[in-house]
Amino acid sequence: MRRRDFSQVALLSASAWGLSVPVAHAQAKAPVAGKDYIKLSRPAPVDTPAPKVEVLEFFGYWCPHCARFEPAFEAWAKKAPAHMVVRRVPVAFRDNQVPMQRLYFALEAMGKVDELHGKVFTAIHGDKANLSTQDDIANWVAKNGVDKAKFLEQYNSFSMSGKVKRASQMAEAYQLDGVPAMGVAGQYFTSGSLAGTMERVLAVGEHLAEISRKA
């Protein structure tokens, strides 16, 4: 979902978002710079030391496309080659999206991402739950077995502001204008509107990580 109005190219078909074709098929044609991905004119900062290659998925819990993409991304990330370090970066284009950004970082700090990350998407886009405020979020995590006091401690911790700021810096460095999208090695950016489908985004991301590893 773009921070502005959707363009026609960004509204991908349901079959594309469903990733019905194997990733290997998408790799048959080599990705093309300027078409399938962009090389940044100014490198973005990375938090992963060499020789590992940092691969970032930019997402927002508020984004329906991110919700559809998540199962495929999670399956792909679990099988990522050893030289890749795959991380999620929650994005907020507006102030009312920041609470959901904090939600992800709090779950991450508590080691609850594997357990609850997918459930957050389901709650928002399937059950139509309102998770736009701290109270809404805290009540929801409590219903899902998380200690509410400990969660709020993480949600409002001193380090949280730094994490949110860092995520915003990364989004700006990659010149992000919508999600879901992928950044690789602080050098490359790709998205569904560039690569054509989110299936191909995964293939392009893996290709760029291999290029970065060899470099």
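This text goes with the structure placed above it.
Residues numbered from 1 in each chain as written. Predicted model: local features only at pLDDT ≥ 70, side-chain atom pairs only at ≥ 80, totals over all residues. Heavy atoms only, no water.

**Some remarks on the sheet that holds strand β1 (residues 38-39)**
Pairing between the strands of a sheet is mediated by backbone hydrogen bonds and can be parallel or antiparallel. Taken together, five strands build an open sheet; the order of strands is β1-β5-β4-β2-β3 and the sheet is mixed. At either end of the open sheet lies a strand with only one pairing partner, and these are β1 and β3 (84-90). Examined bridge by bridge, β1 and strand β5 (residues 188-191) share two bridges and lie antiparallel to one another. Bridge assignment links Ile-38 to a residue of β5, and that residue is Phe-189. Against the sheet, helix α3 (residues 64-78) touches β2 (53-59), β3 and β4 (181-184), its axis set at about 160° to β3. Of the strands in this sheet, β2, β3, β4 and β5 touch helix α10 (residues 198-214), which is tilted by about 5° from β4. (Pairing = 2+ DSSP bridges. Helix = DSSP H or I, 4+ residues; strand = E, 2+ residues; numbered from the N terminus. Contact = heavy atoms within 4.5 Å. Axes fitted to C-alpha atoms, helices over the stretch in contact; angles between N-to-C directions.)

**A short note on the packing of aromatic side chains**
Each pair of aromatic rings is reported with the distance of its centres and the angle of its planes. For the structure on display, the rule yields twelve aromatic pairs. Judged by centre distance (5.7 Å) and plane angle (85°), the ring pair of Tyr-37 and Tyr-188 falls under edge-to-face. Note that Tyr-37 is positioned in the loop between α2 (23-26) and β1 and Tyr-188 in strand β5, a separation of 151 residues in sequence. An identical accessibility class is assigned to Tyr-37 and Tyr-188; each is buried. Ring pairing ties together the aromatic residues Phe-59, Tyr-61, Tyr-104, Phe-105 and Phe-121, which thus form one cluster. In this structure, Arg-102 is placed above the aromatic ring of Tyr-155, and the distance from its NZ or CZ to the ring centre is 5.7 Å. (Phe/Tyr/Trp six-rings, centres within 6.5 Å; stacked < 30°, edge-to-face > 60°. Buried < 20%, exposed > 50% of the residue type's maximum accessible area, 1.4 Å probe, protein only. Lys NZ or Arg CZ within 6 Å of the ring centre and 35° of its normal.)

**Thoughts on the nonpolar core**
Counting residues in hydrophobic clusters, the biggest one holds 43 residues, and the most contacted among them are Phe-58, Tyr-61, Phe-151 and Leu-176. Where this core is concerned, the elements lending two or more residues are β2, α3, α4 (98-109), α5 (113-126), α6 (134-143), α7 (148-155) and α8 (158-173). Listed in part, the 18 residues of the second largest apolar core include Val-53, Ala-80, Tyr-188 and Val-204. (Core = buried A, V, L, I, M, F, W, Y, C linked by side-chain atoms within 4.5 Å.)

**Re the packing of α4 against α7**
Packed helix pairs are specified by the crossing angle of their axes together with the interaxial distance, meaning the distance between the axes. Running from amino to carboxyl end, α4 crosses α7 at an angle of 115°, the nearest separation of the two axes being 9 Å. Classed by the angle they form, the pair α4 and α7 counts as roughly perpendicular. For the pair α4 and α7, the sense of crossing is right-handed. Contacts from Pro-99, Arg-102, Leu-103, Ala-106, Leu-107 and Ala-109 of α4 reach α7 at Phe-151, Gln-154 and Tyr-155. (Parallel < 35°, antiparallel > 145°, perpendicular 65-115°, else oblique. Left-handed = near helix turned anticlockwise from the far one by under 90°.)

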